[in-house]
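Fold and contact review
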Amino acid sequence: MIVKKIPDIYERLSLLATGAKFDVSCSPSFDRKNFSKKESFSKFGIHNTWTSDGRCVALLKVLLTNFCVNDCAYCINRKRNDIPRTVLKPEEFAKIAYEFYRKKQIEGVFLSSGIIGNPNKTMEMMVDTVKILRTKYQFKGYIHLKIIPDSDETAITEAITLADRVSINLELPTEKSLSLIAPEKRLLSIVNAIEKINKIIESKPIGAKSQTTQLIVGVTPDTDYQILKLSENLYRNNSRLKRVYYSAYIPVNDDPRLPQISKPPLLKEHRLYQADWLIRYYGFHTEEIVSDEKPYLDEKIDPKLDWALKNINLFPIEIQKASFETLLRVPGIGPTSAKRILKERKNTMLTLDGLKNLGVVIKRAKHFITINGKYYGNKNIIQNYRQNYLKDIQQYSLAI
Ligand code: SF4
């Protein structure tokens, strides 16, 4: 391990920003286009990201340290890697974060860390850092704090009190995969921590209102069914779990336990997000999308359209009468347009153009609905979808 003293704080910050960039559990970050010195800002870990209420904010996203006692195969900071290591003391981080904030270069921080010493010591260092930021520097910006697995409840509670959002990463969906490539981590202990965090958030009127987690996808042979079933259970048991982030595996280490891939599985990540959305907002159960028998999402087609085509006997539905839940099952209709349809049809007879104005994606939806008894779609898609639905989908621009 290379341990050299790096007196320059910006050099250390830059190292710690590199170590943090693979964590997407505060939502994927991107560089702000109108930053005049974009490169230098991203070098120090300042990136734009979306907050839970839809605001685009510049966050300082760094690790407190890239030292780590663990040896997760996929991680650039794992202990066996010969990389320059460094640490920011709580006061150092708080001061520099406040300086960026005062100059309006950031609106918040996302603070994570490798494990230095032991989980509890690391969590306490992170809590101290944020405490200095909030009390000494009166920092009023957004704080997303990573919870270190296996740290004590006292430190976790303090972290929740000081932050706007917290997250703890599952990383992999099965105990077997964790023991293979992240041997110090235990799925059950992280799931228990998510539940504990949930209870603390629910019991506290101040501090973080929600939590998130991250799963790396495409690094182990776990199926989409295993991934989505775990997510569904987590959402069901934890009302404050806002999102599970799916992060396509990016190779950074040579390791025989890791797959050889030429590019990150971004389409898999995209389809998992779509399926997750169906579970959270459209009333789907995992087994309607994937199952033990068919455990992988079809990457060629979005999961809602896939479901509709496989359940074509349920369509077309009459738009003037269908319930909210049924409307949500129609490709091209989402929760917002479904609500608008319910409101609008109380007073008017709906039309094809009218549905367009309500936000319905007509080119998709028309094959699955009737409007006052009239069908505007193409029955070929309905009748022959099994034989050549992908060809038809391309022809009629249904795929996304
Ligand atoms: S615990 Fe694992 S994933 Fe986290 S910093 Fe250490 S080696 Fe990386």
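Quick notes on the rules
Residues numbered from 1 in each chain as written. Predicted model: local features only at pLDDT ≥ 70, side-chain atom pairs only at ≥ 80, totals over all residues. Heavy atoms only, no water. Helix = DSSP H or I, 4+ residues; strand = E, 2+ residues; numbered from the N terminus. Buried < 20%, exposed > 50% of the residue type's maximum accessible area, 1.4 Å probe, protein only. Areas by Shrake-Rupley, 256 points an atom, 1.4 Å probe, with all protein chains shown as cover. Pairing = 2+ DSSP bridges. Near = heavy atom within 4 Å. Nonpolar A, V, L, I, M, F, W, Y, C, P; charged D, E, K, R; others polar. Core = buried A, V, L, I, M, F, W, Y, C linked by side-chain atoms within 4.5 Å. Domains from an automatic or database assignment. Contact = heavy atoms within 4.5 Å. Salt bridge = Lys/Arg side-chain N within 4 Å of Asp/Glu carboxyl O. Phe/Tyr/Trp six-rings, centres within 6.5 Å; stacked < 30°, edge-to-face > 60°. Lys NZ or Arg CZ within 6 Å of the ring centre and 35° of its normal. Polar contact = N/O pair within 3.5 Å; in protein donor to acceptor, adjacent residues only side chain to side chain. Patch = residues over 30% accessible without salt bridge, like charges linked within 9 Å, V, L, I, M, F, W, Y side chains within 5 Å. Lys, Arg positive; Asp, Glu negative; His and termini not counted. Charge placed at Lys NZ, Arg CZ, Asp CG, Glu CD. Axes fitted to C-alpha atoms, helices over the stretch in contact; angles between N-to-C directions.

Considering the overall build of the chain
In terms of regular secondary structure, the chain is built from 16 helices and twelve strands. Sorting the 400 residues of the chain into buried and exposed places 55% on the buried side. Surface summary for the chain: the accessible area is close to 18,700 Å², and the carbon and sulfur share equals 53%.

Focus on the sheet that holds strand 12 (residues 374-375)
As summarised here, the arrangement of the three strands in space is 10-11-12, forming an open sheet in which the pairing is mixed. Each edge of the open sheet carries a strand with a single partner, namely strand 10 (317-318) and strand 12.

Structural notes on the site of the ligand
Around the ligand, the neighbouring residues are Cys68, Asn70, Cys72, Cys75, Arg78, Gly114 and Lys185. Considering only residue class, the shell around the ligand consists of three nonpolar, two polar and two charged.

As for the pairing of strand 3 (residues 56-63)
The buried fraction of strand 3 amounts to seven of the eight residues, a majority that puts the element mostly inside the structure. Bridging between strand 2 (residues 46-50) and strand 3 involves five bridges; their strand directions are antiparallel. Counterpart to His47 in the pairing with strand 3 is Leu59. Relative to strand 5 (residues 108-112), strand 3 runs parallel, the two sharing five bridges. Bridge pairing in strand 5 places Leu60 opposite Val109.

Remarks on the nonpolar core
In terms of nonpolar packing, the biggest core is built from 112 residues, with Phe93 and Leu355 touching the most fellow members. The leading source of residues in this core is helix 7 (residues 187-203), at eight residues. Viewed by domain, this core spans two of them, domain 1 (2-289) and domain 2 (303-395), each represented by three or more residues. Beyond its immediate stretch of four places on either side in the chain, Phe93 contacts Leu60, Val62, Leu64, Leu88, Val109, Leu111, Thr129 and Leu133.

Observations concerning the pattern of salt bridges
Oppositely charged side chains are able to pair whenever their charged atoms sit close together. Taken as a whole, this structure holds 19 salt bridges when the rule is applied. The partner of Asp255 in a salt bridge is Arg80, and the shortest N-O contact between them spans 3.9 Å. Placement of Asp255 in the loop between strand 9 (241-248) and helix 9 (266-281) and of Arg80 in the loop between strand 3 and strand 4 (84-85) is noted, with a sequence separation of 175 residues between them. The buried category is assigned to Asp255, whose relative accessible area is 8%. Using a relative accessible area of 47% as the deciding quantity, one classes Arg80 as partly exposed. One salt bridge connects Arg364 with Asp302, and the closest N-O pair in it is separated by 2.9 Å. Placement of the pair is Arg364 in helix 15 (residues 362-365) and Asp302 in the loop between helix 10 (286-289) and helix 11 (303-310), with a sequence separation of 62 residues. Comparing Arg364 with Asp302, the two get one shared label, buried. Sharing partners across several salt bridges, the network here consists of Asp71, Arg78, Arg80, Asp255 and Arg257.

Some words on the packing of aromatic side chains
Taken as a whole and assessed by the stated rule, the structure comprises seven aromatic pairs. Grouped by ring-pair contacts, the aromatic residues Phe284, Trp307, Phe315 and Phe368 constitute a single cluster. One cation-aromatic arrangement involves Arg329 over Phe284; the distance from NZ or CZ to the ring centre is 3.7 Å. A cation over a ring is seen here: Arg329 above Trp307, with NZ or CZ 4.9 Å from the ring centre.

Quick look at the environment of Asp255
With 74 residues separating them in the primary sequence, Asp255 and Ile181 have C-alpha atoms 9.6 Å apart. Among residues more than four places away in sequence, those in contact with Asp255 are Ala73, Arg78 and Arg80. A polar contact of 2.8 Å, which involves the side chain of Asp255, links it to the side chain of Arg78. Engagement of the side chain of Asp255 in a polar contact is seen with the side chain of Arg257, the distance being 2.8 Å.

Remarks on the environment of Pro303
On the secondary structure map, Pro303 appears in helix 11. Taking C-alpha positions, Pro303 is 8.4 Å from Leu278, a pair spaced 25 residues apart along the chain.

Here's the deal with a negative patch on the surface
A cluster of acidic side chains, namely Glu124, Asp128, Asp152 and Glu153, defines a negative patch on the protein surface. Mapped onto the secondary structure, Glu124 falls in helix 4 (residues 119-135).

Quick look at the sheet that holds strand 5
Across the sheet, seven strands lie side by side as 2-3-5-6-7-8-9; this open sheet has mixed pairing. Pairing within the sheet leaves two strands with one partner each, and these edge strands are strand 2 and strand 9. Strand-to-strand twist across the sheet, computed as the mean angle between neighbouring axes with direction ignored, equals 25°. Its contacts with the sheet place helix 7 against strand 7 (165-167), strand 8 (210-217) and strand 9, and it is angled at close to 160° to strand 8. This element, helix 8 (residues 224-237), spans strand 8 and strand 9 of the sheet and lies at about 160° to strand 9.

As for the side chain of Lys268
Structurally, the position occupied by Lys268 is in helix 9. Lys268 sits in the buried class, given a relative accessible area of 13%. Only 2.8 Å separates the side chain of Lys268 from the side chain of Asp224, close enough to count as a polar contact.

What about unusual backbone geometry?
With an omega dihedral of -5°, the bond running from Phe315 to Pro316 counts as a cis peptide bond. Among the secondary structure elements, Pro316 is positioned in the loop between helix 11 and strand 10. Look at Lys104: it is not a glycine, yet its phi comes out positive at around 60°. Tracing the backbone through its elements, the reader meets Lys104 in the loop between helix 3 (90-102) and strand 5. The exposed category is assigned to Lys104, whose relative accessible area is 73%. Notably, Asn372 is not glycine yet its phi reads approximately 50°, a positive angle. Relative to the elements of secondary structure, Asn372 occurs in the loop between strand 11 (369-371) and strand 12.

As far as function goes, none of this settles anything; it's purely spatial.
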